[in-house]
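What follows is each chain in one-letter form.
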Amino acid sequence: MEATFLLTLLITFLASFIGYELISKIPQTLHTPLMSGSNAISGITLIAAILIYPEVGDAQLLKIILLIAIAFATLNIVGGFSVTGRILEMFKKND
Amino acid sequence: MIEIILLVSSILFIFALKLFGRPSTAHRANTFAMLAMALAVFSAFNFDFSKYDSAFYITIVVSGLLGVLISKRVQMTQMPELVGLFNGFGGGASGAIAYVELSGSSLPISDVFVAIFSMGIGMFTFSGSLVAVMKLRGKLNNFNKKLADIFSVFFPTILVIPAVLEMDDLLMEFIILVAIISGVLRVAVIGGADMPVVIAFLNSLSGIAAMSAGFIVNSIILIVAGALVGASGIILTLLMCAAMNRTLRDVLKGGFGTTTINNEYEKDPISTSPEDVAIQLSYAESVVIVPGYGMAVAQAQAAVKELTNTLKDKNIEVKFAIHPVAGRMPGHMNVLLAEVDIDYEDMYTLEDINSEFSSTDVVIVVGANDVVNPLARTDEDSPIYGMPILDVDLAKQVIVIKRSMSPGYAGIANPLFINDNAKMLFADAKEGLENIIKSFQLV
């Protein structure tokens, strides 16, 4: 996806703004799952690793570093969502 | 096609945040976010899965399984450590990716700066989070603050070293090293009870690192998601700081509560017994329980639930008053109580419950200290002056379950303990509660 730098900045700003508005409304009770959930989302950096992985070619060291990054990000995503689900399940059954 | 997938993914992420606003819909929010993530990751392959070797796929599968395994086994009391650990992984991943981008391809100059920023923030988050985890596990308690202070003073000098030495080859490695050391020293000096702020702050940084990585690889979805995480972390950080009436700068400076202030008591507290507490409670109509980190340490959640049931069976109203910084991460107490099936409708925030204390018959403080210290309202010289507290001293009667008169994190005496309406039940939180429940059967 190509975009000019300014447009990208605009999107960044809008996303931060929407995020700020929506997250401000989340009650204290859900702050822990919010943290673990947003934590999982920060693992989205995996995308960057996927995008550049084919480009490193034969550079072994860089490849190993990327694989570590991929492992970290995947752990972050899968573990984060899984534990958030576990927490939210506890709030659901009180409903 | 890819663009449409990414659009759907972005919308799902935002919807997920919207659904997160209420406990009853929050579990669906997680499903939405997971779906959004799956779509975003899928789109990155651009329908070409053959470009990736087996090492790539094995890494993804193994670390994914490991993630599931860890998340299933972790105890709810260990959530702060787990979030800290995953945070570190996320930051470390972004930092490592930025390093690869800087070393591998020739980036345009604007991207070089973004990449260096992402690398620095990512590595800082990585090392800072790991230190936070160690602190939460009770290691690294006696860290010497001087080391961090010296480092801060020389920080600008350290930054010009590469320029002076005309370092070209190892510049990246130098930045990584400085970022890692900064992360370690910065977090190491911050005390345990300030961890809610630290964890939220590092969470925000991991989002910012991801967002910057998005700028380097030109991925809008990465920028959007990173910005959402960054915003969420900042909000929580500021909420936590406000709940302590301290600035982020002050928290990050560390060393809070290490200076010993006068913590003598003018008189002895009134000590009580489980039997007396049971009698006192059986005459009450309304009870408010104030849980603190001590409850988590003593693993007293189940006992709290049992006492709640006992009281409710006697038609006594039971509410929970939860201070925003109770525990070691935002919302920590709520999760621990939810785990033992306490209805979230019964959990009240500081703003919601403070006006009710004056009409409450009995308040039971379980393992909380500074957040119920009336000095925050009255003593201008106190380090906690101005901090919003739960006004439990205004209740008709207060029972504090605590092992000793030792001060809390702020290192100051708590006059609540010697208040005329307060009684101390000197016991471990779990044991004390269980003894009260036993006494109830005799009343």
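Residues numbered from 1 in each chain as written. Chains lettered and ligands numbered in written order. Predicted model: local features only at pLDDT ≥ 70, side-chain atom pairs only at ≥ 80, totals over all residues.

**Student:** What should I look at first to understand the overall build of chain A in this one?
**Tutor:** Helices and strands together make up the secondary structure of chain A, namely four helices and zero strands. Order of helices (α) and strands (β) in chain A, N terminus to C terminus: α-α-α-α. Taking the principal axes of its C-alpha atoms as reference, chain A extends roughly 55 × 35 × 15 Å. Here chain A, with 95 residues, has 59% of them falling under the buried criterion. Counting contacts in chain A only where the partners sit at least 6 residues apart, residues at least 24 apart contribute 78% of the total. (Helix = DSSP H or I, 4+ residues; strand = E, 2+ residues; numbered from the N terminus. Buried ≥ 20, exposed ≤ 12 C-beta atoms within 10 Å, placed from the backbone. Contact = placed C-beta atoms within 7 Å.)

**Student:** What am I meant to see in the overall build of chain B here?
**Tutor:** Along the backbone of chain B there are 17 helices and six strands. For chain B, whose C-alpha radius of gyration is 25 Å, the value lies close to the compact-globule estimate of 22 Å for 443 residues. Referenced to the eigenvectors of the C-alpha coordinate spread, the extents of chain B come out at roughly 75 × 50 × 35 Å. Counting all 443 residues of chain B, 51% fall into the buried class. Considering only contacts within chain B whose residues lie at least 6 apart along the sequence, 79% involve residues at least 24 apart. (Rg over C-alpha atoms; globule rule 2.2 N^0.38 Å.)

**Student:** Help me understand the domain arrangement of chain B in this model?
**Tutor:** Interface size, as often reported, equals the accessible area lost upon joining of the parts. All names here are of chain B. Under the domain assignment used here, chain B contains domain 1 (74-253) and domain 2 (274-442). The gap between the C-alpha centroids of domain 1 and domain 2 is 35 Å. Facing the 19 residues of domain 1 at the interface are 16 residues of domain 2. Every element with two or more residues in the side of domain 1 that touches domain 2 is listed here: α4 (79-104), α8 (195-216) and α9 (220-244). Taken together, the residues that form the side of domain 1 that touches domain 2 break down as 15 nonpolar, four polar and no charged. (Domains from an automatic or database assignment. Nonpolar A, V, L, I, M, F, W, Y, C, P; charged D, E, K, R; others polar.)

**Student:** I tried to follow helix α4 (residues 60-92) of chain A on my own but got confused; where do I start?
**Tutor:** Residue pairs spaced three or four apart in an α-helix point in one direction, given the helix's 3.6 residues per turn. With 33 residues, α4(A) extends 47 Å from end C-alpha to end C-alpha; this agrees with the ideal 48 Å at 1.5 Å per step. Counting buried residues along α4(A), 24 of its 33 residues qualify, which places the element largely inside the surrounding structure. (Expected span 1.5 Å × (residues − 1).)

**Student:** Before we go on, may I ask you to explain unusual backbone geometry in this structure?
**Tutor:** Excluding glycine, residues mostly carry a negative phi; peptide bonds, for their part, are mostly trans. Residues and elements named next belong to chain B. One non-glycine residue, F47, adopts positive backbone phi at about 60°. Position of F47 relative to the elements: it lies in the loop between α2 (26-44) and α3 (54-73). A positive phi angle, near 70°, is found at D341, a position not held by glycine. Residue placement: D341 occurs in the loop between α14 (332-339) and β3 (347-349). D341 sits in the partly exposed class, given 14 other C-beta atoms within 10 Å.

**Student:** Explanation requested: the packing of α4(A) against α4(B) in the structure shown.
**Tutor:** Geometrically, a packed helix pair is captured by the angle between its two axes and the distance between the axes. Two elements in contact, α4(A) and α4(B), have axes separated by 8 Å at closest approach and are oriented at 150°. In terms of their interaxial angle, α4(A) and α4(B) are classed as roughly antiparallel. As α4(A) runs across α4(B), the sense of the crossing is left-handed. Taking contact as the criterion, the partners of A:L62, A:I65, A:L66, A:I68, A:A69, A:F72, A:A73, A:L75, A:N76, A:G79, A:G80 and A:V83 in α4(A) are, on α4(B), B:L82, B:F86, B:F89, B:G90, B:G92, B:A93, B:A96, B:I97, B:Y99, B:V100, B:S103 and B:G104. (Axes fitted to C-alpha atoms, helices over the stretch in contact; angles between N-to-C directions. Parallel < 35°, antiparallel > 145°, perpendicular 65-115°, else oblique. Left-handed = near helix turned anticlockwise from the far one by under 90°.)

**Student:** Before we go on, may I ask you to explain helix α13 (residues 301-313) of chain B in this structure?
**Tutor:** Residues and elements named next belong to chain B. With 13 residues, α13 extends 18 Å from end C-alpha to end C-alpha; this agrees with the ideal 18 Å at 1.5 Å per step. Turning to α13, its buried residues number three or more, namely Q301, A303, V304, L307, T308 and L311. Down the axis of α13, the smallest arc covering the buried residues is 160°, so these residues share one side. (Arc of directions from axis to C-beta.)

**Student:** What am I meant to see in the interface of chain B and chain A here?
**Tutor:** The interface of chain B with chain A comprises 95 residues on the first partner and 76 residues on the second. Among the secondary structure elements, those contributing two or more residues to the side of chain B that touches chain A are α1 (2-19), α2, α3, α4, α8, α9, α14 and β3 of chain B. Considering each element in turn, the side of chain B that touches chain A owes the most residues, 17 residues, to α4(B). Residues belonging to the side of chain B that touches chain A are distributed by class as follows: 59 nonpolar, 30 polar and six charged.

**Student:** Can you help me understand the nonpolar core in this one?
**Tutor:** Soluble globular proteins tend to bury their nonpolar side chains together. Judged by nonpolar contacts, the single largest core of 185 residues is most densely connected at A:I47, A:A49, B:V290, B:V365 and B:V366. Counting residues domain by domain, this core receives three or more from each of domain 1 (74-253) and domain 2 (274-442) of chain B. Discounting residues that sit within four places of it in the chain, B:V366 has contacts with B:I289, B:V290, B:P291, B:G292, B:G294, B:M295, B:A300, B:V304, B:I401 and B:A429. (Core = buried A, V, L, I, M, F, W, Y, C linked by C-beta atoms within 7 Å.)

**Student:** Looking at this model, I keep getting lost on the sheet that holds strand β5 (residues 397-402) of chain B. Mind explaining?
**Tutor:** Hydrogen bonds between backbone groups are what pair the strands of a sheet, and the pairing can be parallel or antiparallel. All names here are of chain B. Spatial strand order, β3-β2-β1-β4-β5-β6: six strands in an open sheet with parallel pairing. Both outer strands of the open sheet, β3 and β6 (422-426), are each paired with one neighbouring strand and no more. In this sheet, adjacent strand axes meet at a mean angle of 25° when their direction is disregarded. Pairing between strand β1 (residues 286-291) and strand β2 (residues 317-322): four bridges, direction parallel. In the strand pairing of β2, S286 is matched with E317. Across the sheet, α14 touches β1, β2 and β3, and the angle it forms with β2 is around 145°. (Pairing = 2+ DSSP bridges.)

**Student:** Before we go on, may I ask you to explain the pairing of β5(B) in this structure?
**Tutor:** Strand residues, when the strand is regular, have side chains that alternate between the two faces of the sheet. Residues and elements named next belong to chain B. By the criterion of burial, β5 is predominantly enclosed, with five of the six residues buried. Summarising the sheet, strand β4 (residues 362-366) and β5 pair through five bridges and their orientation is parallel. Within the sheet, the bridge partner assigned to V363 lies in β5 and is V398.

**Student:** Teacher, can you tell me more about the environment of B:A40 here?
**Tutor:** With respect to the helices, strands and loops of the structure, B:A40 is situated in helix α2. Separated by 358 residues in sequence, B:A40 and B:V398 place their C-alpha atoms 53 Å apart. Those residues in contact with B:A40 that sit more than four places away from it in its chain are A:I44, A:I47, B:L6, B:S9 and B:I221.

**Student:** Please explain the environment of B:S359 as it appears in this structure.
**Tutor:** Residue and element names in this part refer to chain B. Position of S359 among the secondary structure elements: in the loop between α15 (350-353) and β4. Assessed through the 11 C-beta atoms surrounding it within 10 Å, S359 is described here as exposed. For the pair S359 and Y283, spaced 76 residues apart in sequence, the C-alpha separation works out to 14 Å.

**Student:** Teacher, can you tell me more about the pairing of β2(B) here?
**Tutor:** All names here are of chain B. Here three bridges tie β2 to β3, and the two strands are oriented parallel to one another. Note on β3: the bridge partner recorded for I322 is T349. Read as a crossover between parallel neighbours, the route from β2 over α14 to β3 is right-handed. (Right-handed = clockwise from strand over helix to strand, strands pointing away.)

**Student:** What am I meant to see in the packing of α4(B) against helix α5 (residues 109-136) of chain B here?
**Tutor:** All names here are of chain B. In the contact formed by α4 and α5, the axes pass within 7 Å of each other and the chain directions differ by 155°. Considering the angle they form, α4 stands roughly antiparallel to α5. Remark: the crossing between α4 and α5 carries left-handed chirality. Residue classes in the contact of α4 with α5 are distributed as 14 nonpolar, eleven polar and two charged.

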